[in-house]
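# Report on the structure
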Amino acid sequence: MPDVLHNLALGFSTSMTPLNLFYCFVGVLLGQIVGVLPGLGSAATIALLLPITYYIPATSAIIMLAGIWYGSMYGGSITSILLRVPGEATSVMTCVDGYEMARKGRAGPALGISVFGSFIAGTLGVLGLMFLAPALAQVALDFGPPEYFALMVLGLTLVSYLASKSVPKALCMAMVGLVLGTVGLDPVRSTERFSFGILTLQGGIEMIPMVMGLLGLSEVFIMLERQTRSEDIVQAPAGLRNLMPTRRDWRDSSGSIGRGTVVGFLVGILPGAGATIATFVAYAVEKRFSRHPERFGTGAIEGVAAPESANNSATAAGFIPLLTLGIPGNVVTALMLGAFLLHGITPGPTLLTEKPEMFWGIITSMYVGNIILLVLNIPLISLFTRITRVPPAILRPIIVLFCLAGAYGVNNNPVDIVVMVVFGIVGYLITKFGYEPAPLVLAFVLEPMVEIALRQSLILSQGSFLIFFNRPITGTLLALALFMIVSPLFRYRYRLYPGSGVPRAR
Amino acid sequence: MLRRHEAASQSANSPGYRRAGQTNADRLSGSVLFLFALAVIWQASKFPFGTIRAPDSGFLPMSFAITLALMSALIVLRTWLPRTAVTEMPAWGGMGRVVATVMALVVYASAVDWLGYLLSTLLIMLLLLRGIERTGWGMSLLIACISAVASYVLFRQLGVALPQGALPF
């Protein structure tokens, strides 16, 4: 116990400095805003802000990026409830009962319970992170290259299986990401690969312009292509007053918040699953355990409370693989790994012992950020609903501006703008053809680590592939990955039915 | 009073699902990926491969590319299977604005070093706002000026070295 207090004190002494408080505030506010805006996701926003993190201290940078992520979980529910348009993929499930509640004139309590549920789950999630991360980091200290290799293979497989509409397409994207990751000097022997004598390519493809193009600019292109008619501009109702859920609402939803938190946390730890899947699972669990499952879909407050809690605890859990193993489990934490690497810091089991003030600073900042979000949301929610009235015609050029300045600012090299535009076009085309950029980005970030782990393992075993199967952890993880690849039984496949805005399991 | 928002914009972009044989979007995308994989295999064959026991620089690129070739072939081949959900050929109706934006960005990249950040950003914002988004002249000028100056100040404050250009601003 004294250890916990000591760690908390250390963490808060980092996260409560004026500078870090400022970046935490900026992060959660931005997250809240992009959460409200349909079309612009948290991954795109984090990609857009990556170049800025180059110029601020590492801890502040991660605090800000983390704030964007969990902040967007608060904002995403607003348009889901009021307009049946999810602001984020993680609030798709909230549309179902949230919008029905709003139609019955209960928009206030629906928004209220999603804010309180988010806060409770976010805080409990951070508590879980605080206790689990050091323990896992301790275990991970014994991991060697074979374990890391197996974890990354499993992670990439899970991403392709859980988080996508089509498994072969997701695997294709992961392979393209891995191939792109090999461009530049081979990390072991320094052989030049795929650089074609071009100086810019010798150091590998620059991550920042690439992700800004794939995740940010491509969104602009997709938004541009849609004809913006007047009825497409989302109009939110003004004058929301009563956000407070009634006593009965609390009684109905307290169990859902608890279950949503636990489900979200457990799903969130898994690489590849993440917050979106967590909301699907939480909703399904809630419906399964409800005494009145028929109420779901007609405006049951449990149907809002459970997924909104799940997505917040899932974000906290999502930090566990990144902070303890140094392996990102989804595209958002992959971008954060990028931010760490920009500062020359490799997160992993040694982060806790070598930079405890940073480790605990990041974790405690999430308590602070959740409190800021609660305080912001309660009085200002009707103000946030007005963000939806910013016309896309103004929003799009501003996103482009951020892309331009950010891509250029990395190396002061206009070639980076061209790289960004090329990946913008790639991102736009792959989205149009039903592929997703997320596995590509994750695989690209993981590639050098995969390669080093594989080759070091084989040096360790003097060339025997048995090393991947006769170590218990490695063997289990790889067997699991293999099982996922060969067995179609374990596929969770969700997709959006065109126009309905409601996901269904197939 | 709540207004029901028709999620028309959502459906415009979601891949549609039709029975095999009706469309060939997956055949096209799968074939492009397959050709890309072949090109990677051809290039990777020039790197030292090593052996399975001691893989060298070419080992992983080759393995990734072979997996990509297999997966993309699967995407193409399964379109002939009965009752497979395949992606509908996307519509290209709004392409004009995308192409125009891409061209503007490329021109920006080639001009920013000698025009300077402020002037070139002002011009591209004006072009995007007025030319592509059809915002009114007054509004376009106002937002272009504010955003160019504000981003310049913000990035300079953060320490990003933005080009001054040939002009004194």
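Residues numbered from 1 in each chain as written. Chains lettered and ligands numbered in written order. Predicted model: local features only at pLDDT ≥ 70, side-chain atom pairs only at ≥ 80, totals over all residues. Heavy atoms only, no water.

## Describing the overall build of chain B
Stated formally: Here a helix means four or more residues in a row that DSSP labels H or I, a strand means two or more in a row labelled E, and each is numbered from the N terminus. Here's how the labels work: a residue is buried when its accessible area is under 20% of the maximum for its type, exposed when over 50%, partly exposed in between, all with a 1.4 Å probe on protein chains only. Only heavy atoms enter the contact rule, under which two residues are in contact if any of them lie within 4.5 Å. Here the accessible surface of atoms and residues is derived via Shrake-Rupley with a 1.4 Å probe, and residues count as covered only by protein chains that are part of the display.
Assigned secondary structure in chain B consists of six helices and two strands. The order of helices and strands in chain B, counted from the N terminus, is α-β-α-α-β-α-α-α. Across the 169 residues that make up chain B, the buried fraction comes to 46%. For chain B, contacts bridging at least 24 residues in sequence account for 62% of all contacts bridging at least 6. Carbon and sulfur atoms make up 69% of the accessible area of chain B, which totals about 8900 Å².

## Some thoughts on the interface of chain B and chain A
Under the convention used in this document: The quantity reported as buried area is the accessible area (1.4 Å probe) lost by two parts once they are put together, taken as the sum for both. Take a side-chain nitrogen of Lys or Arg and a carboxyl oxygen of Asp or Glu: if they are within 4 Å of each other, that pair is a salt bridge. We define a polar contact as two N or O atoms separated by no more than 3.5 Å, with the added condition that, inside protein, one atom must be a possible hydrogen donor and the other a possible acceptor, whereas residues neighbouring each other in sequence contribute only through side-chain atom pairs. Any residue that is not Ala, Val, Leu, Ile, Met, Phe, Trp, Tyr, Cys, Pro, Asp, Glu, Lys or Arg is counted as polar, Gly included; the first ten are nonpolar and the last four charged.
With 80 residues of chain B at the interface, the matching set in chain A holds 78 residues. In total, about 7000 Å² of surface goes out of reach between chain B and chain A, with carbon and sulfur atoms giving 72% of it. One salt bridge connects D56(B) with R455(A), and the closest N-O pair in it is separated by 3.8 Å. Counting every contact that joins chain B to chain A gives 11 residue pairs in polar contact (both at pLDDT 80 or more). Among the secondary structure elements, those contributing two or more residues to the side of chain B that touches chain A are helix 1 (8–13), helix 2 (25–44), helix 3 (59–77), helix 4 (95–115), helix 5 (117–132) and helix 6 (137–158) of chain B. For the side of chain B that touches chain A, the class distribution of residues is 51 nonpolar, 20 polar and nine charged.

## Examining the packing of aromatic side chains
Put simply, the rule reads: Paired rings are identified among Phe, Tyr and Trp, the last through its six-membered ring, by centres lying within 6.5 Å, and are further divided according to the angle between planes into stacked (under 30 degrees), edge-to-face (over 60) and tilted (the rest). To sit over a ring, a charge needs its Lys NZ or Arg CZ within 6 Å of the ring centre and within 35 degrees of the ring normal.
In the structure shown here, the tally under the stated rule is 16 aromatic pairs over all chains. Between Y117(B) and Y152(B) the ring centres are 5.9 Å apart and the planes differ by 25°, which places this aromatic pair in the stacked class. Here Y152(B) lies in helix 6 and Y117(B) lies in helix 5, a separation of 35 residues in the sequence. A relative accessible area of 15% means that Y152(B) is categorised as buried. Counting every residue linked through ring pairs, the aromatic cluster contains F149(A), F465(A) and F468(A). In this structure, R27(B) packs its charged tip against the face of W80(B), placed 4.1 Å from the ring centre.

## Examining the confidence of the model for chain A
Residues and elements named next belong to chain A. What counts is decided by this rule: Known as pLDDT, the predictor's per-residue confidence is scaled from 0 to 100.
For chain A, per-residue confidence averages 86 on the pLDDT scale, and residues scoring 70 or more make up 92% of the total. For chain A, strand 4 (residues 503–505) is the element with the lowest average pLDDT, namely 38, and helix 2 (residues 18–36) is the one with the highest, namely 94. Note on residues 489–506: pLDDT under 50 across the span, and 38 contacts to partners over four residues away in sequence or across chains.

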